[in-house]
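# Coordinate analysis (summary)
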Amino acid sequence: MQDPSPEILQFLLGHGPSLPIEVAKLIKSDTIMASAHLSQLIALGKVKISSVKVGTSPVYFLPGQESQLMKFSDNLNEKNKRAYEFLKE
């Protein structure tokens, strides 16, 4: 099996912060395998994981894409959403 890491990195570069389910579709696998590949990329310092979650899934992104995490702000819990809105103002 070919290493999907370059494909995942290219996807994150073009798509921005993403969920494991999106990566799973890309590599034609399940979310467990996608999460394993993403974890490996985190260990190599090529990908970051945010504390923002959509459901129970964390959002993965490339260094430098932190500002793009704002598109997931609707998924914050109420307390964090208020803090986010306060900081944004």
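Higher on the page you've got the structure.
This one's a predicted model, so the numbers in the text were calculated from it and none came from an experiment.

### Describing the nonpolar core
One finds Ile8, Leu12, Val23, Ala24, Ile27, Ala34, Leu38, Leu41, Val47, Tyr60 and Leu62 forming the largest nonpolar core, which totals 11 residues. Among the elements of the structure, helix H1 (5-15), helix H2 (20-26) and helix H3 (31-43) are those that each provide at least two residues to this core. Considering every element that reaches this core, the biggest residue donor is H3, with three residues. Leaving out residues up to four positions away in the same chain, Leu38 has contacts with Ile8, Leu12, Pro20, Val23, Val47 and Tyr60. In this structure, Leu19, Val52, Leu69 and Leu76 belong to the second largest nonpolar core, which totals seven residues.

### Here we look at H3
Between the first and last C-alpha of H3 there are 18 Å, a value that for 13 residues agrees with the 18 Å anticipated at 1.5 Å per step. Looking at the buried residues of H3, the elements they touch are H1, H2 and strand E2 (57-61). Immediately beyond the C-terminal end of H3, within one or two residues, lies Gly45, with a positive phi of roughly 80 degrees.

Definitions and limits used
Residues numbered from 1 in each chain as written. Predicted model: local features only at pLDDT ≥ 70, side-chain atom pairs only at ≥ 80, totals over all residues. Heavy atoms only, no water. Core = buried A, V, L, I, M, F, W, Y, C linked by side-chain atoms within 4.5 Å. Buried < 20%, exposed > 50% of the residue type's maximum accessible area, 1.4 Å probe, protein only. Helix = DSSP H or I, 4+ residues; strand = E, 2+ residues; numbered from the N terminus. Contact = heavy atoms within 4.5 Å. Expected span 1.5 Å × (residues − 1).

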